[in-house]
Amino acid sequence: MRASLLQIAVDEDESVESRRGRAASLVREQAGVDLVVLPELWTTGAFAYDRFAEEAEPLEGPTYEAMAKAASDAGVWLHAGSIPERDPEGPLYNTSLVFSPSGELAAAYRKIHRFGFDKGEAVLMGAGGELVTVRLPETTLGLATCYDLRFPELFRGLVDAGAETLVLCAGWPERRRSHWTLLAQARAVENQSFVLACGTAGTHAGVPQAGHSIVVDPWGEVLAEAGAGEEILTVEFDPGKVAVTRDQFPALKDRVLGLERPGRVR
């Protein structure tokens, strides 16, 4: 299986319309690969909080239309990163879109863990409440977004739902890049899954981005890693390695579930 992670740069001087068109062109250039992945909030910038409401769009808005067409033109599965989604009956959401090679919407995932603590995304956007997987011919994807990477229980839930390849879109800051690499490898090892994590380059509202999109195998080995700038990272991997790894080292079978909380320590 071949995957291309499109680590595009978010430049505040480039219009959303221009970047949307540029991203669609890059997707079309990936014809022949199986899966293409874009970063988180690449239309606005993950830290451009003051633009979320202005640039928010309905689920089937201009980004949906452009990405559906690009996926169909290239004949690829496309994880189109995430957009600020405007729900007419609710709050804004940080929503990822996955399209089939025919351009049909295969899944939408609303980010569960919102970053910012008591400001930014945490207060400007609503939280998703559902784990989302997508069945491809070669593997089952489990979807996550950026800050989700810090919460291992989400990925355990995805594995329990059948995920074999964990796909994460992100706008991860450069100052915490070491966490990005460490956590991507940890999620791969503990879940015996592939991890495909696509970040952005450039600067979001003054916050330098980490870049360094990464692909990790079920043993935690880094198969490919991008640099800091705009880059297309293409990698070949064997989805069958997940089953082999879980059979050779069946750690997931030794999970102990339903442990009770400890009582008062005397």
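Description of the structure in this document. Just so it is clear, the structure is predicted and the values come from calculations on it, not from any experiment.

Criteria and thresholds
- Residues numbered from 1 in each chain as written.
- Predicted model: local features only at pLDDT ≥ 70, side-chain atom pairs only at ≥ 80, totals over all residues.
- Heavy atoms only, no water.
- Helix = DSSP H or I, 4+ residues; strand = E, 2+ residues; numbered from the N terminus.
- Rg over C-alpha atoms; globule rule 2.2 N^0.38 Å.
- Buried < 20%, exposed > 50% of the residue type's maximum accessible area, 1.4 Å probe, protein only.
- Contact = heavy atoms within 4.5 Å.
- Areas by Shrake-Rupley, 256 points an atom, 1.4 Å probe, with all protein chains shown as cover.
- Lys, Arg positive; Asp, Glu negative; His and termini not counted.
- Charge placed at Lys NZ, Arg CZ, Asp CG, Glu CD.
- 1 Å grid on protein atoms, 1.4 Å probe; cavity = no way out; pocket = protein on both sides within 12 Å on 5 of 7 lines; lining within 4 Å.
- Points joined across faces, edges and corners; volume = space filled by probe spheres on them.
- Nonpolar A, V, L, I, M, F, W, Y, C, P; charged D, E, K, R; others polar.
- Polar contact = N/O pair within 3.5 Å; in protein donor to acceptor, adjacent residues only side chain to side chain.
- Pairing = 2+ DSSP bridges.
- Axes fitted to C-alpha atoms, helices over the stretch in contact; angles between N-to-C directions.
- Parallel < 35°, antiparallel > 145°, perpendicular 65-115°, else oblique.
- Left-handed = near helix turned anticlockwise from the far one by under 90°.
- Salt bridge = Lys/Arg side-chain N within 4 Å of Asp/Glu carboxyl O.

A closer look at the overall build of the protein chain
Then, in step 1: Within the protein chain, the regular secondary structure consists of seven helices and 15 strands.
Then, in step 2: For the protein chain, the C-alpha radius of gyration of 18 Å lies close to 18 Å, the compact-globule estimate for 266 residues.
Then, in step 3: Seen through its C-alpha atoms, the protein chain measures out along the principal axes to roughly 55 × 50 × 35 Å.
Then, in step 4: Evaluated residue by residue, the protein chain yields a buried proportion of 55% over its 266 residues.
Then, in step 5: Within the protein chain, contacts between residues at least 6 apart in sequence are counted, and of these 67% link residues at least 24 apart.
Then, in step 6: By element, 50% of the accessible surface of the protein chain is carried by carbon and sulfur atoms, the whole surface being about 11600 Å².
Then, in step 7: Placing the 26 positive and 39 negative side-chain charges of the protein chain at their respective mean positions leaves the two points 7 Å apart.

Quick notes on empty space enclosed by the protein
Then, in step 1: Counted under the stated rule, the structure contains one cavity of 30 Å³ or more.
Then, in step 2: In this structure, the largest cavity occupies an estimated 160 Å³ of space.
Then, in step 3: Lining the largest cavity are 15 residues; nearest its centre among them are Phe47, Phe115, Cys146, Tyr147 and Gly171.
Then, in step 4: Residue classes in the lining of the largest cavity are distributed as nine nonpolar, one polar and five charged.

Overview of the side chain of asparagine 191
Then, in step 1: Here asparagine 191 lies in helix 6 (residues 177-191).
Then, in step 2: In this structure asparagine 191 comes out as buried when scored by relative accessible area, which is 0%.
Then, in step 3: A polar atom in the side chain of asparagine 191 sits 3.0 Å from the side chain of arginine 156.
Then, in step 4: Leaving out residues up to four positions away in the same chain, asparagine 191 has contacts with Phe155, Arg156, Val159, Leu166, Arg246 and Leu252.

Observations concerning the sheet that holds strand 7 (residues 133-135)
Then, in step 1: Reading across from one edge, 7-8-9-10-13-14 is the order of the six strands in this open sheet, with mixed pairing throughout. Two strands bound the open sheet, and with one partner strand each, they are strand 7 and strand 14 (222-225). Averaged over all pairs of adjacent strands, the angle between strand axes in this sheet comes to 15°, irrespective of strand direction.
Then, in step 2: This element, helix 6, spans strand 9 (165-169), strand 10 (194-198), strand 13 (214-216) and strand 14 of the sheet and lies at about 25° to strand 13.

Section: the pairing of strand 14
Then, in step 1: Sheet analysis places strand 13 next to strand 14, joined by three bridges and oriented antiparallel. For valine 216, the partnering residue across the bridge sits in strand 14 and is valine 222.
Then, in step 2: The loop that links strand 13 with its antiparallel partner strand 14 comprises five residues; one of these, glycine 220, has a positive phi angle of about 90°.

Focus: the packing of helix 1 (residues 16-28) against helix 3 (residues 62-74)
Then, in step 1: Taken N-terminus to C-terminus, the directions of helix 1 and helix 3 make an angle of 20°; their axes are 8 Å apart at the nearest point. If you check the angle between helix 1 and helix 3, you find them roughly parallel. Crossing of helix 1 over helix 3 shows right-handed handedness. Contacts between helix 1 and helix 3 involve Arg20, Ala23, Ala24, Val27 and Arg28 from the first element and Pro62, Thr63, Ala66, Met67, Lys69, Ala70, Ala71, Asp73 and Ala74 from the second.
Then, in step 2: Split by residue class, the contact of helix 1 with helix 3 holds nine nonpolar, one polar and four charged.

Some details on the pattern of salt bridges
Where charged atoms from two side chains of opposite charge come close, those side chains can pair.
Then, in step 1: Tallying each qualifying case throughout the model produces 16 salt bridges.
Then, in step 2: Across the pair arginine 110 and aspartate 87 runs a salt bridge whose closest N-O atoms are separated by 3.2 Å. Residue arginine 110 is located in strand 6 (residues 105-110), and its partner aspartate 87 is located in the loop between strand 4 (77-86) and strand 5 (92-99); the two are separated by 23 residues in the primary sequence.
Then, in step 3: Of the charged contacts, one joins glutamate 121 and lysine 111 as a salt bridge, the two residues approaching to 3.0 Å between their closest N and O atoms. With glutamate 121 in helix 4 (residues 121-124) and lysine 111 in the loop between strand 6 and helix 4, this residue pair connects regions lying ten residues apart in the sequence.
Then, in step 4: On the basis of relative accessible area, lysine 111 is assigned to the buried category, the value being 1%.
Then, in step 5: One salt-bridge network, in which partners are shared between bridges, spans Glu14, Arg19, Arg22 and Glu230.

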